[in-house]
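For reference, the chains in residue letters:
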Amino acid sequence: MLRVDGVGKDFPTRSGPLAVLRDVSFDLAPGNALAVVGASGSGKSTLLHLLGTLDYPTRGAIELNGVDPFALPEPQLADFRNRQIGFVFQDHHLLPQCSVLENVLIPTLARKDAPADIANRARQLLDRVGLGHRLDHRPAELSGGERQRAAVARALVLRPALVLADEPTGNLDRTSASAVGELLLELAREHETMLVTVTHSAELAGRFPASKTMDDGRLV
Ligand SMILES: Nc1ncnc2c1ncn2[C@@H]1O[C@H](COP(=O)(O)OP(=O)(O)OP(=O)(O)O)[C@@H](O)[C@H]1O
Ligand SMILES: [Mg+2]
């Protein structure tokens, strides 16, 4: 369960604190997905950074499966993030010198306790996202949609509780974008993962079980 309660975020600026998030509250259960839409600059990425524990809220509380990540000391927080949270960014952020399979295995490198069959799991996931025949390709040898599908596999390889996607289809043509969006939704359901996706696509948001708009620092 993801619980977000009265979360606010101010950024210090030269003209004083800028309140980007004022009061964001929602709950998300395993296997459920939320689409976040809203104008440019409304705070969608800021919210995703907080959910991903990449930045701290100024006010309010975030709890993931009963844990307040911000109460953890930094090494445990990094471990928590690696274990519990998967990220898909607008630009795939794949490492150019690594193969598709190696890229998907990157989050597992930091884990001493990664399962012995993790490479098999990565292959299965790559099969599932339609890249079973591209394991040895470098990112430059993939199409844009294929790169994003590799990034989806990488986000899921450690079976995180929460997957966060910030405009994962923003750089894709419409057909590839809906394929990647649909895939994220399907995988979240199959793996009982919580999914929060920021998107500018009303079509993609419409396919989510819930969709909220960021407006004046609130999710409505
Ligand atoms: N570190 C920061 N310091 C000061 N202001 C910031 C900082 N990060 C973001 N902002 C401001 O917060 C607001 C929200 O930014 P954010 O990136 O969350 O918007 P967004 O909804 O993701 O927009 P987009 O759709 O363009 O990606 C913006 O007005 C931005 O200028
Ligand atoms: Mg953004």
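Since the structure is predicted, the reported quantities are computational estimates derived from the model, not experimental observations.

(A) Region of the structure containing the site of ligand 1. Around ligand 1, the surrounding shell holds 13 residues, and the nearest of these are Ser40, Gly41, Lys44, Ser45 and Thr46. The separation between an oxygen atom of ligand 1 and a polar main-chain atom of glycine 43 is 3.0 Å. A total of 640 Å² of accessible area belongs to ligand 1 in isolation, and the protein chains cover 60% of it. Counting residues per element, the ones that place at least two in the shell around ligand 1 are strand E2 (16-28) and helix H1 (44-51).

(B) Layout of the pattern of salt bridges. Considering all chains together, one arrives at 15 salt bridges under this definition. We note a salt bridge from arginine 83 to aspartate 113, for which the minimum N-O separation is 3.4 Å. Taken together, the residues span a long stretch of sequence, with arginine 83 in helix H2 (residues 74-84) and aspartate 113 in the loop between helix H3 (100-109) and helix H4 (118-128) at a distance of 30 residues. Look at arginine 83 and you get partly exposed, because its relative accessible area is 35%. Note that arginine 128 and glutamate 190 form a salt bridge whose closest N and O atoms lie 2.7 Å from each other. In this pair, arginine 128 sits in helix H4 while glutamate 190 sits in helix H6 (residues 174-190), placing the two residues 62 residues apart along the sequence. Judged by its relative accessible area of 29%, arginine 128 falls in the partly exposed class. Among the charged side chains, a network of salt bridges with common partners joins Asp79, Arg83, Arg111 and Asp113.

(C) Looking closely at the pairing of strand E3 (residues 33-38). For E3, the tally of buried residues reaches 6 of 6 residues, placing the bulk of the element in the interior. Burial along E3 is two-sided: the residues Ala33, Ala35 and Val37 and Leu34, Val36 and Gly38 are all buried. In this sheet, strand E7 (residues 194-198) lies alongside E3 in parallel orientation, the contact comprising 4 bridges. Bridge pairing links leucine 34 to valine 196 in E7.

(D) Region of the structure containing H6. A rise of 1.5 Å per residue sets the reference length of H6, with its 17 residues, at 24 Å; its end C-alpha atoms lie 24 Å apart and thus fit the reference within 8%. When H6 is considered as a whole, its buried residues turn out to be Ala177, Val180, Gly181, Leu183, Leu184, Leu185, Leu187 and Ala188.

(E) Structural view of the pairing of strand E8 (residues 210-215). Pairing geometry for E3 and E8, over 5 bridges, is parallel. By the bridge assignment, glycine 38 is partnered in E8 with methionine 214. Relative to strand E9 (residues 218-219), E8 is paired through 2 bridges, and the arrangement is antiparallel. In the sheet register, methionine 214 faces E9, and the bridge partner there is leucine 219. Counting the residues between successive antiparallel strands, the hairpin from E8 to E9 contains 2 residues, one of them, aspartate 216, with a positive phi of roughly 50°.

(F) Examining the sheet that holds strand E6 (residues 162-166) more closely. As summarised here, the arrangement of the 6 strands in space is E5-E6-E7-E3-E8-E9, forming an open sheet in which the pairing is mixed. The open sheet has two free edges, formed respectively by strand E5 (85-88) and E9, since each of these has just one partner strand. The pairing of E5 with E6 spans 4 bridges and is classified as parallel. Across the sheet, the residue bridging to valine 88 is alanine 165, located in E6. Running at roughly 155° to E6, H1 makes contact with E3, E5, E6, E7, E8 and E9 of the sheet. Where H6 meets the sheet, it contacts E3, E5, E6 and E7, and its direction lies at approximately 160° from that of E7.

(G) Representation of the sheet that holds strand E1 (residues 2-13). On the basis of which strands lie adjacent, the open sheet formed by 3 strands has the order E2-E1-E4 and antiparallel pairing. Across the chains shown, the open sheet's two edge strands, defined by having one partner strand only, are E2 and strand E4 (59-64). Averaged over all pairs of adjacent strands, the angle between their axes in this sheet comes to 25°, without regard to strand direction. The sheet contact formed by E1 and E4 spans 5 bridges and is antiparallel. From the neighbouring strand, valine 4 faces E4, where its bridge partner is isoleucine 62.

About the criteria used
- Residues numbered from 1 in each chain as written.
- Chains lettered and ligands numbered in written order.
- Predicted model: local features only at pLDDT ≥ 70, side-chain atom pairs only at ≥ 80, totals over all residues.
- Heavy atoms only, no water.
- Near = heavy atom within 4 Å.
- Polar contact = N/O pair within 3.5 Å; in protein donor to acceptor, adjacent residues only side chain to side chain.
- Areas by Shrake-Rupley, 256 points an atom, 1.4 Å probe, with all protein chains shown as cover.
- Helix = DSSP H or I, 4+ residues; strand = E, 2+ residues; numbered from the N terminus.
- Salt bridge = Lys/Arg side-chain N within 4 Å of Asp/Glu carboxyl O.
- Buried < 20%, exposed > 50% of the residue type's maximum accessible area, 1.4 Å probe, protein only.
- Pairing = 2+ DSSP bridges.
- Expected span 1.5 Å × (residues − 1).
- Contact = heavy atoms within 4.5 Å.
- Axes fitted to C-alpha atoms, helices over the stretch in contact; angles between N-to-C directions.

Keep in mind that these numbers describe shape and distance, not what the molecule does.
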